[in-house]
Amino acid sequence: MDGIPFGGPRLRDASTAAAAIAVLPEVAQAVPMRLGDATVNGPDAADRPDVADRPDVADRPDVADRGVTVIGAPAGANAGWTLVEGRRLDDVQAGSARPVLVNAAFAEATGAAPGAGVTLRGDCGGGRAVAPAIAFRVNGIAAFSFDSASELTAAMSLADLADLCGDIDPDEAEMILVTSHAAAGAATAGADAAARAIRQRLPEVFVATNAELVDRFQQQGNDYFRQISSVLASVTLFFALLLVTTLLTVSVNQRLAEVATLRALGFSRGRIATDLLAESVAIVGAGGLLALPLGAALAVWLDGILRSMPGMPAGLHFFVFQPRALVLHLALLAATAVLAALYPMHLATRLPIAATLREEVVS
């Protein structure tokens with residue numbers, strides 16, 4: 001099955017596939033995962049008397065009828081989240097409602113602290129027209145790896161997700177999250193070794209490491225931003241080249257007599273060319289140094305705008321400083337300074353000394 005996580009066909013008999021992967025010596029853990037959608041109706045009135053006593057607050061969209069991304073995984077597994085507060089998903093008290101873990105955005109929007117009750121209504125697509133509302137008890141608050149800044153996320157067991165969605169197969173999964181052994185120096189350690197072993201064991205399953213997914217995202221998901229950046233950089237460098245060339249050319253034309261005098265006094269063509277090149281480097285260098293803090297500030301501003309878009313993971317950044325970008329910046333500035341000085345250097349070094357001085361005296 002070829003496809004990206006959560007984007008390809010579902011894995012049938014996911015528990016069997018996960019068990020086959022888990023026994024591999026390269027694998028530390030294999031957890032089947034399933035995604036669904038739901039609507040949260042807010043915490044029970046008994047858990048929030050402040051909401052029950054205030055209809056204006058209870059009717060707010062951020063307290064009721066909010067969409068929730070639901071993750072289904074085995075109750076005892078840690079499938080891409082870190083418990084921040086409360087109890088684990090498999091730590092269930094006798095007689096309590098079905099357990100669920102929620103993220104901080106869910107807890108803030110609904111006021112559902114650990115121990116509070118929430119009611120979820122499944123909306124997983126392809127199921128029944130009206131899914132029944134199911135009562136859950138918040139076991140704890142967790143930090144999920146792929147959360148967006150404002151997304152409401154909840155985690156529950158695969159069986160509870162099947163009941164929530166109505167008619168899905170509890171043994172289907174969108175993906176199996178695998179943790180590899182990380183022992184230093186071991187031949188069976190590392191994500192690449194685990195990926196090779198899984199491909200050999202289950203050739204029909206698409207396998208990708210985190211590094212491969214990030215590389216794919218950088219190559220495909222960032223193509224638009226990379227193209228826009230290249231176009232803007234090319235246009236900026238072209239106009240900078242024209243501007244510096246024009247400034248140096250005007251400067252040379254205004255100093256023809258001075259250049260001719262220096263040549264008559266014994267200054268070589270190389271010395272004159274070096275002076276003009278130094279002027280070009282000073283102009284371009286000053287602009288380049290000024291561009292660094294301005295570019296950094298602009299990158300932070302644009303990064304904040306892009307990260308605020310719906311569905312963006314909280315840990316995702318579109319603009320990240322890389323040393324090679326600074327090296328490329330300096331190389332482009334150096335090339336611009338040299339190219340901008342070529343025509344003015346040609347004018348100054350090919351200047352007829354006697355004719356220029358005679359014309360200056362006559363004029």
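Quick note: structure is the one above.
Structural notes, computed from the coordinates. (Residues numbered from 1 in each chain as written. Predicted model: local features only at pLDDT ≥ 70, side-chain atom pairs only at ≥ 80, totals over all residues. Heavy atoms only, no water.)

1. As for the overall build of the protein
Where we set the bar: Numbered from the N terminus, helices here are DSSP runs of H or I no shorter than four residues, and strands are runs of E no shorter than two. Three exposure classes are used, based on accessible area relative to the maximum for each residue type with a 1.4 Å probe and protein chains only: buried under 20%, partly exposed in between, and exposed over 50%. Whether two residues touch is decided by their heavy atoms; if any such pair falls within 4.5 Å, the residues are in contact. Here, Shrake-Rupley sampling with a 1.4 Å probe gives the accessible areas, and only protein chains in the shown set may cover a residue.
Summing up its helical and strand segments, the protein has 12 helices and 8 strands in all. Burial analysis of the protein (363 residues in total) assigns 33% to the buried set. Relative to all contacts within the protein whose residues are 6 or more apart in sequence, the contacts with residues 24 or more apart total 77%. A total of about 20500 Å² of accessible surface is found on the protein, and carbon and sulfur atoms cover 61% of it.

2. Remarks on the nonpolar core
Test applied: Residues belong to one nonpolar core when they are buried, are Ala, Val, Leu, Ile, Met, Phe, Trp, Tyr or Cys, and are joined through side-chain atoms within 4.5 Å.
Membership of the largest hydrophobic core comes to 24 residues, with the highest contact counts inside it found for Val100, Val102, Phe106, Leu120, Phe136, Met156 and Leu164. Those elements that place two or more of their residues in this core are strand E1 (27-43), strand E2 (66-72), strand E4 (98-102), helix H4 (104-110), strand E5 (117-122), strand E6 (133-144), strand E7 (153-156) and helix H5 (158-165). Not counting chain neighbours up to four residues away, the residues in contact with Phe106 comprise Val40, Val68, Gly111, Ala112, Val118, Leu120, Leu152 and Thr153. With 16 residues, the next largest nonpolar core counts Val259, Leu276, Ala337 and Ala340 among its residues.

3. Let's talk about H5
With 6 of 8 residues buried, H5 is to be regarded as a mostly interior element. Regarding H5, the residues found buried are Leu158, Asp160, Leu161, Ala162, Leu164 and Cys165. Gly166 lies just past H5 and shows a positive phi near 105°.

4. Concerning the packing of aromatic side chains
What counts is decided by this rule: Stacked, tilted and edge-to-face are the three classes assigned to paired rings of Phe, Tyr and Trp, where Trp is represented by its six-membered ring and a pair needs centres within 6.5 Å; plane angles under 30 degrees give stacked, over 60 edge-to-face, the rest tilted.
Applying the stated criterion to the full structure yields 2 aromatic pairs. Between Phe238 and Phe239, the aromatic rings sit 5.7 Å apart at their centres with planes inclined by 75°, giving edge-to-face as the arrangement. The partly exposed category is assigned to Phe238, whose relative accessible area is 46%.

5. Side note on the pattern of salt bridges
Filter applied, for reference: Whenever a carboxyl oxygen of Asp or Glu lies within 4 Å of a side-chain nitrogen of Lys or Arg, that contact is scored as a salt bridge.
Counted by the stated rule, this structure contains 4 salt bridges. Between Arg98 and Asp160 there is a salt bridge; the shortest N-O distance is 2.8 Å. Taken together, the positions of Arg98 in strand E4 and Asp160 in helix H5 put the pair 62 residues apart, joining distant regions of the chain. Judged by relative accessible area, Arg98 falls into the partly exposed class, the value being 29%. Linked by salt bridges that have partners in common, Arg98, Asp160 and Asp163 make up one network.

6. Here we look at the packing of helix H10 (residues 269-307) against helix H11 (residues 323-349)
Just so we agree on the cut-off: Axis definition: a line fitted to C-alpha atoms, limited for helices to the stretch in contact. Angles are taken between N-to-C directions and run from 0 to 180 degrees. The hand of a helix crossing depends on one turn: near helix anticlockwise from the far one by less than a right angle means left-handed, and clockwise means right-handed. The nonpolar class holds Ala, Val, Leu, Ile, Met, Phe, Trp, Tyr, Cys and Pro. Asp, Glu, Lys and Arg form the charged class, and all remaining residues, Gly among them, are polar.
Closest axis-to-axis distance for the H10/H11 pair is 8 Å, and the angle between their directions is 145°. The handedness of the crossing between H10 and H11 is right-handed. Where H10 abuts H11, its residues Arg269, Ile272, Ala273, Leu276, Leu277, Ser280, Val281, Val284, Gly288 and Leu292 lie against Leu326, His329, Leu333, Thr336, Ala337, Val338, Ala340, Ala341, Pro344, Met345, Ala348 and Thr349. Broken down by class, the residue content of the contact of H10 with H11 amounts to 16 nonpolar, 5 polar and 1 charged.

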